[in-house]
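# Coordinate inspection notes
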Amino acid sequence: MVRFTRAGALVGALALAASLALTACGDEQQKPSFVGGSAPGTGPGAAIGNSSTPAAPAGPPLPVSPGNGTKNKPVSTEISADLPDGAKIKEVTLTNAAGDRVSGKLRTDGSAWVPNAPLKYGTSYTASVTAAGSDGATHQGTSTFTTMKKPKSTIGSGLYLFDDKTYGVAMPVVAEFHPGIPKKDRAAVQKRMFVRTDPPQPGAWHWVDNGTQAYYRAPEYWKPGTTLDVRIALAGIPLSNGRYGDVDRKATAKIGRSFVMKVDNATKKMTVYEDGKVSRTMPVSLGKTSTPSSSGTMVVMEKKEKTVFDTMDDPDPANRYVTDIEYAQRLTWGGEYIHAAPWSVADQGRRNVSHGCVNVSTANARWLFEKTRIGDPITVKGTERKLAAGNGWTAWSLSWSQFIKGSALPVPAGGAGPAL
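Residues numbered from 1 in each chain as written. Predicted model: local features only at pLDDT ≥ 70, side-chain atom pairs only at ≥ 80, totals over all residues. Heavy atoms only, no water.

This part is about the overall build of the protein. Each helix and strand counted, the protein has four helices and 26 strands in total. For the protein, buried positions account for 49% of its 420 residues. When contacts within the protein are restricted to residue pairs at least 6 apart in sequence, long-range pairs at least 24 apart make up 69% of them. Carbon and sulfur atoms provide 52% of the accessible area of the protein, an area that totals close to 19300 Å². (Helix = DSSP H or I, 4+ residues; strand = E, 2+ residues; numbered from the N terminus. Buried < 20%, exposed > 50% of the residue type's maximum accessible area, 1.4 Å probe, protein only. Contact = heavy atoms within 4.5 Å. Areas by Shrake-Rupley, 256 points an atom, 1.4 Å probe, with all protein chains shown as cover.)

This part is about the environment of Thr-291. One can find Thr-291 in the loop between strand S19 (277-283) and strand S20 (294-299). Overall, Thr-291 belongs to the buried group, its relative accessible area being 10%. Between the C-alpha atoms of Thr-291 and Ser-354, which are 63 residues apart in sequence, the distance is 7.5 Å.

In the predicted model, the protein carries a mean pLDDT of 87, and 85% of its residues have values of at least 70. Here residues 2-53 is modelled with pLDDT under 50, and outside its nearest four sequence neighbours on either side it reaches 77 contacts, counting other chains as well. (pLDDT = per-residue confidence, 0-100.)

A separate point is the pattern of salt bridges. This model, assessed by the stated rule, comprises twelve salt bridges. Arg-192 serves as the salt-bridge partner of Glu-78, at 2.9 Å between the closest nitrogen and oxygen. Of this pair, Glu-78 sits in the loop between strand S1 (64-65) and strand S2 (80-81) while Arg-192 sits in the loop between helix H2 (186-190) and strand S11 (193-198), placing them 114 residues apart in sequence. You can call Glu-78 buried: its relative accessible area is 19%. (Salt bridge = Lys/Arg side-chain N within 4 Å of Asp/Glu carboxyl O.)

This part takes up unusual backbone geometry. The residue after Ser-65, namely Pro-66, is reached through a cis peptide bond having omega 5°. Checked against the element boundaries, Pro-66 lands in the loop between S1 and S2. His-178 connects to Pro-179 through a cis peptide bond whose omega is 0°. By the secondary structure assignment, Pro-179 is in the loop between strand S10 (173-178) and H2.

A few words on the pairing of strand S18 (residues 269-274). Sheet analysis places strand S17 (residues 259-264) next to S18, joined by six bridges and oriented antiparallel. Bridge assignment links Val-260 to a residue of S18, and that residue is Tyr-273. Adjacent in sequence and paired antiparallel, S17 and S18 are bridged by four residues, among which Lys-268 carries a positive phi angle near 60°. When S18 meets S19, the two strands line up antiparallel, connected through six bridges. Bridge assignment links Tyr-273 to a residue of S19, and that residue is Val-278. Following S18, the chain reverses through two residues before pairing antiparallel with S19; Asp-275 in that reversal takes a positive phi of roughly 50°. (Pairing = 2+ DSSP bridges.)

On to the side chain of Thr-383, then. Among the structural elements, Thr-383 can be located in the loop between strand S25 (377-381) and strand S26 (385-386). A polar atom in the side chain of Thr-383 sits 3.2 Å from the backbone oxygen of Arg-385. Residues in contact with Thr-383, not counting those within four places in the same chain, are Asn-265, Leu-286, Ser-293, Ser-294 and Ser-295. (Polar contact = N/O pair within 3.5 Å; in protein donor to acceptor, adjacent residues only side chain to side chain.)

Written as structure tokens, this is what we have:
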């Protein structure tokens with residue numbers, strides 16, 4: 001096992017994710033999206049020629065939120081209205097002082113309209129909402145509000161998912177926050193974390209105890225060929241610790257073929273399944289009794305064809321070493337890898353001699369390295385140590401019933417659909 005400082009990895013992830021977010025944010029000056037119908041004057045009931053089709057009766061005006069004249073609203077503000085019983089929002093428009101329209105989408109539950117990108121700081125907007133009542137009456141409301149100035153105190157964030165990349169079937173959506181999100185704020189933040197899959201698959205979020213990471217996954221591994229469309233709409237979210245979310249982060253990625261690795265300590269063998277069929281079985285050597293490998297389902301987080309394991313700062317002199325390593329694939333933050341270990345070939349399949357890693361021959365390590373993708377799962381069973389939550393992307397180390405207990409919002413039976 002090699003010791004690892006997460007700070008360096010997080011800085012890199014935040015930098016890459018920040019770059020991604022800056023290039024992925026949408027332009028507010030877009031044509032409007034008309035929720036649930038056509039543009040005004042073009043849909044059913046619009047006057048055409050000498051048609052005398054009667055207009056829908058006008059109901060009382062809608063109270064719109066944010067309220068008219070409201071100031072210092074967060075740039076994460078959504079548009080909603082106090083609807084009469086049975087009424088549903090049909091159209092929302094949002095414009096800035098220059099008359100430029102902001103694009104957005106209605107939540108699937110109809111509760112609010114969400115701009116496709118954060119609003120601008122210190123800017124005036126006018127929102128117009130049209131709703132249809134159960135009695136056929138049309139209800140309309142308008143409000144002008146102003147967003148707050150840019151806050152001085154923000155939280156850092158990261159998204160371990162990148163545009164146009166292809167991942168393994170166990171790749172969770174991983175959102176990271178520094179410092180962690182306080183428990184009382186997690187529901188509000190989770191409401192702004194959007195995932196859509198194609199083909200559709202239900203899913204749920206799970207927070208680690210300290211709030212520094214949240215994972216999104218489905219009840220089962222993703223279907224091969226799935227597209228993940230993710231937006232962590234964090235910008236401007238106010239938190240109870242006086243901080244605000246820093247930026248929105250977006251990514252659209254693909255899930256590739258199914259490649260699953262299973263390791264049994266009893267047999268000291270790894271069985272590899274490609275698209276559900278066994279493609280190779282190989283001997284392994286796991287962690288010795290004093291430094292056992294973790295049992296649980298992990299995913300490949302990082303791959304390095306050549307690297308150096310340096311554990312000279314380990315408090316136990318017996319665990320200090322500097323070794324050149326080939327075909328290393330990271331499984332945990334604590335330093336467990338799959339890697340080539342030519343020095344333990346005689347032990348592979350017979351006894352455990354590693355410092356916690358999955359040792360395989362150079363030939364097998366090369367074969368695996370050439371096959372795997374980030375997000376491919378490996379399940380290890382039968383060792384002396386259980387995989388610790390948060391030690392790597394541990395979304396799959398829990399059963400579905402255990403996983404959904406970590407959600408800050410209620411999860412429907414079988415998982416939730418897309419919020420937008």
